[in-house]
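What the coordinates show
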Amino acid sequence: ICGPWSAGLMSAILAVRRCGAAHAWLDTESPSSDLAQRISAAGTRLVILLKKAEHIALPAGVSSLFPDRAGNDDSPASLDATVAADIACVLFTAGASGPPKAVLVSQAALSARAVTAASSAGLVAEDRVALAPSNASLEMLFGCLLRGATAIFVSRRVAASREEFPRFAGKQ
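In this numbering scheme, every chain counts its residues from 1 along its sequence in written order. Totals for whole chains, interfaces and linings use all residues, but because this is a predicted model, local features are given only for residues with pLDDT of at least 70 and pairs of side-chain atoms are given and counted only at 80 or more. Side-chain metrics in this entry use all non-hydrogen atoms of the structure; hydrogen atoms and water are not considered.

Thoughts on helix α3 (residues 107-121)
Helix and strand assignments follow DSSP, with helices taken as H or I runs no shorter than four residues and strands as E runs no shorter than two, numbered in order from the N terminus. One less than the residue count of a helix, multiplied by 1.5 Å, gives the span that helix is expected to have. With 15 residues, α3 ought to run about 21 Å at 1.5 Å a step, and its terminal C-alpha atoms sit 21 Å apart, in line with that. Restricting attention to buried positions, one finds in α3 the residues L110, A114, A117 and A118. Looking straight down α3, one finds its buried side chains confined to an arc of 95°; they lie on one side. Exposed positions of α3 whose direction lies more than 90 degrees from the buried face are A108 and S120. The first or second residue beyond α3 is G122, which carries a positive phi of 65°. Throughout, exposure labels follow a simple rule: accessible area from a 1.4 Å probe, protein chains only, divided by the maximum for the residue type, with under 20% read as buried, over 50% as exposed, and the rest as partly exposed. The directions from the helix axis to the C-beta atoms are what the arc is built from.

In structure tokens, the structure reads:
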């Protein structure tokens, strides 16, 4: 799923999970060459391009889906429905020692990490959690869903700003 960190991204993640497929989030703020490398490393066959991602060039052989377009004419005619039943998502290493590597995360591991994140934070249904883009935020996002808490998506820029984040949080 290629798109900005947003509630729309969460909708796409839940749709992919509902279909029984695995997902990998591709941040539109990443350089195009990094996105292409990650798409290849994960063995991706279909990329869902959300708003602000339509300019991304995909490697040969990778299908695209544009859910925000009326008519959705670019959707593939048929997709191979075979998925690895145990894979929940694909995360990527930071790439400090070379290109980022794809890491397959099982359903059980993602569930366990979400439960641990929710328990460690002491999440309850009344909580509102600000989530900035990161692999840890994905675990906390599912932790919020487990406990009925509200997840609020915060851009990387706002989360890093000592001036903007308090203003943003005050509006929530």
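Thoughts on the side chain of E139
If you trace the backbone, E139 turns up in helix α4 (residues 135-147). Dropping the residues within four chain positions of it, E139 is found in contact with R113, A114 and A117. Any two residues whose heavy atoms approach within 4.5 Å are treated as being in contact.

Here we look at the packing of aromatic side chains
Aromatic pairing here means that ring centres of Phe, Tyr or Trp (its six-membered ring) are within 6.5 Å. Orientation follows from the plane angle: under 30 degrees is stacked, over 60 is edge-to-face, and everything else is tilted. Taken as a whole and assessed by the stated rule, the structure comprises two aromatic pairs. Their ring planes at 50° and their centres at 5.1 Å tell us that W5 and W25 sit as a pair that is tilted. With W5 in the loop between β1 (2-3) and α1 (7-18) and W25 in the loop between α1 and β2 (26-27), this residue pair connects regions lying 20 residues apart in the sequence. Judged on exposure class, the residue W5 and its partner W25 are both buried. On the basis of an interplanar angle of 65° and a centroid distance of 5.2 Å, the ring pair of W5 and F153 is categorised as edge-to-face. Residue W5 is found in the loop between β1 and α1, and its partner F153 is found in strand β8 (residues 150-153); the two are separated by 148 residues along the sequence. You can call W5 buried: its relative accessible area is 13%. A residue is classified by how much of its surface remains accessible, and F153, at 19% relative accessible area, is buried. Ring pairs connect the aromatic residues W5, W25 and F153, which therefore count as one cluster.

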